[in-house]
Amino acid sequence: LTLTEALDALPKVELHCHVEGTMRPATVVELATRAGLPLPTTDVTELYTYNSLDEFLTVFWLVQSTLTTRDDWARLGYESVLDAAAHGRVYAELFFTPARHLAAGSALGDIVAGLSEGLAAAETETGSVAMLIADVDRAFGPSAGVAMVEDLVRLRRAGAPGVERVLGVGMDSTERGVDPASFADAYRLAARHGLRRTGHQGENSPPTAIATLVDVLGAERVDHGLSLVDDPELMTRFAAERIPLTVCPNSNIRIANAFPALADHPYPAMRAGGLLATLNTDDPALTDLDLGYEYASVATAFDYSFDDMVAIALDGVTASWLPDDDARALR
Ligand code: HPA
Ligand code: ZN
């Protein structure tokens, strides 16, 4: 068994993966055709090209727009887990970002029910479990964020189908020019109703924005959190408080062009600084990644041993929102 094979087979947890970003290219083309949605090209090697986070988001939004019916979401959830299970993923907390669909008239209840149905079917087949995190899309503004959380709270109160799979809320999309504090109402509402909280920050924003996410919005985890390395004092605090970060090194290179090569990524500095820095793919289908490759490439680039990688995988369990008994069983 090579290190790559061993890391592919190693049971892994993933906490930063956008379900829409796992959509198989062939499924994108099929759904777009059925929805009568023109694609700029049906050649996915051309479709999935971008040179910055904002350019990437345009492609991501196009992929999202192909999802129109409850069955589309079910299919996405099903294929997503099948593909991840093939690379050793045993548990995930997957983002979905419904702002675009809600604005177009979809019901959150249909999206949650569809996704949940697909995830459950794949779980039966593979044993790989996936829970959900409903992400606020910053591009739609603070009041759309509050409305989504209100919707989610209503579904929970009604015991709507599949809503038990939604553990909490997050926030993604563009960071540039957005003050995370403007989303405080949505986060406060989520906290009041017992929802867990995370958020994308520090992929394209300074460390002060990361501090705001945690201290003002009450986020329990930070997605990306890269710019933390620019503020050693804040980094020391995050290490001491064991605030989890969901880092996606290959995505940072392929999506944001943040570093020339994987070897230039600050992931080892984050680990060495004592941060609970987990390893994740972000948008694997759109970036041609999988979690096995993420582990193998990081091990190679930073000369990590198999045991180092097992420690990273175990940090994923620690950083997860699994109940204690389930987390213990996974270890
Ligand atoms: N950053 C922000 N928003 C996103 C991303 C990301 O990496 N992936 C999907 N939506
Ligand atoms: Zn992300």
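Residues numbered from 1 in each chain as written. Chains lettered and ligands numbered in written order. Predicted model: local features only at pLDDT ≥ 70, side-chain atom pairs only at ≥ 80, totals over all residues.

Details of the site of ligand 1
Spelled out, the test is: Near residues are defined by distance alone, with the backbone-placed C-beta atom required to lie within 6 Å of the molecule or strand. Each residue gets one of three labels, nonpolar for Ala, Val, Leu, Ile, Met, Phe, Trp, Tyr, Cys and Pro, charged for Asp, Glu, Lys and Arg, and polar for the others, Gly among them.
Taken together, His18, Gly21, Leu53, Phe60, Asp172, Ser173, His200, Glu203, Ser251, Ile255, Asp282 and Asp283 make up the full set of residues near ligand 1. Its residues assigned to classes, the shell around ligand 1 shows 3 nonpolar, 5 polar and 4 charged.

Concerning the sheet that holds strand β2 (residues 89–96)
Our working definition: Between any two strands, pairing holds if DSSP finds at least two bridges. The numbering of helices and of strands both runs from the N terminus, where a helix is a DSSP run of H or I of at least 4 residues and a strand a run of E of at least 2. Two residues qualify as a contact pair if the distance between their C-beta atoms, derived from the backbone, is within 7 Å. As a rule, the C-alpha atoms of each element are fitted with a line to give its axis, helices using only the stretch in contact, and angles between N-to-C directions run from 0 to 180 degrees.
Reading across the sheet, the 5 strands line up as β1-β2-β3-β4-β5 and stay open at both edges, with parallel pairing between neighbours. Because the sheet does not close on itself, it has two edges, and the strands there are β1 (12–14) and β5 (196–197). The sheet contact formed by β1 and β2 spans 3 bridges and is parallel. Across the sheet, Val13 pairs through a bridge with Tyr91, a residue of β2. Across the sheet, helix α7 (residues 108–126) is in contact with β2, β3 (129–137) and β4 (166–172); its angle to β3 comes to roughly 155°.

Things to note about the pairing of β2
Counted only if it meets this: Three exposure classes are used, all based on how many other C-beta atoms lie within 10 Å of a residue's own C-beta (placed from the backbone): buried at 20 or more, exposed at 12 or fewer, and partly exposed between those limits.
By the criterion of burial, β2 is predominantly enclosed, with 7 of the 8 residues buried. Pairing of β2 with β3 involves 6 bridges; the strand directions are parallel. Paired with Phe96 across the bridge in β3 is Ala134.

Examining the confidence of the model for the protein chain
To keep things clear, this is the line we draw: Per-residue confidence from the predictor is reported as pLDDT, which spans 0 to 100.
On average, residues of the protein chain carry a pLDDT of 96, and 100% of them reach 70 or more. Overall fold confidence (pTM) sits at 0.98, and the ipTM for the predicted complex is 0.94.

Quick notes on unusual backbone geometry
Phi is positive for His224, which is not a glycine, with a value near 85°. Among the structural elements, His224 can be located in strand β7 (residues 222–224). Residues other than glycine seldom take positive phi values, yet Asp282 does so here, at roughly 80°. Note on placement: Asp282 falls in the loop between β9 (277–279) and α14 (284–287). Accessibility expressed as a C-beta count within 10 Å gives 30 for Asp282, which makes it buried.

A look at the nonpolar core
Counted only if it meets this: Throughout this description, the term nonpolar core refers to a group of buried Ala, Val, Leu, Ile, Met, Phe, Trp, Tyr and Cys residues whose C-beta atoms join them within 7 Å.
In terms of nonpolar packing, the biggest core is built from 86 residues, with Leu94, Phe96, Val112, Leu115, Ala134, Tyr295 and Met309 touching the most fellow members. Excluding anything up to four places from it in sequence, Leu115 contacts Val19, Trp73, Ala74, Gly77, Phe96, Leu132 and Gly162.

Section: helix α4 (residues 53–65)
Cut-off, in case you're wondering: To estimate how far a helix should extend, the number of its residues minus one is multiplied by 1.5 Å.
Between its terminal C-alpha atoms α4 stretches 18 Å, which fits the 18 Å expected from 13 residues at 1.5 Å a residue. In this structure, the buried side of α4 is in contact with α2 (25–35), α6 (99–103) and α14.

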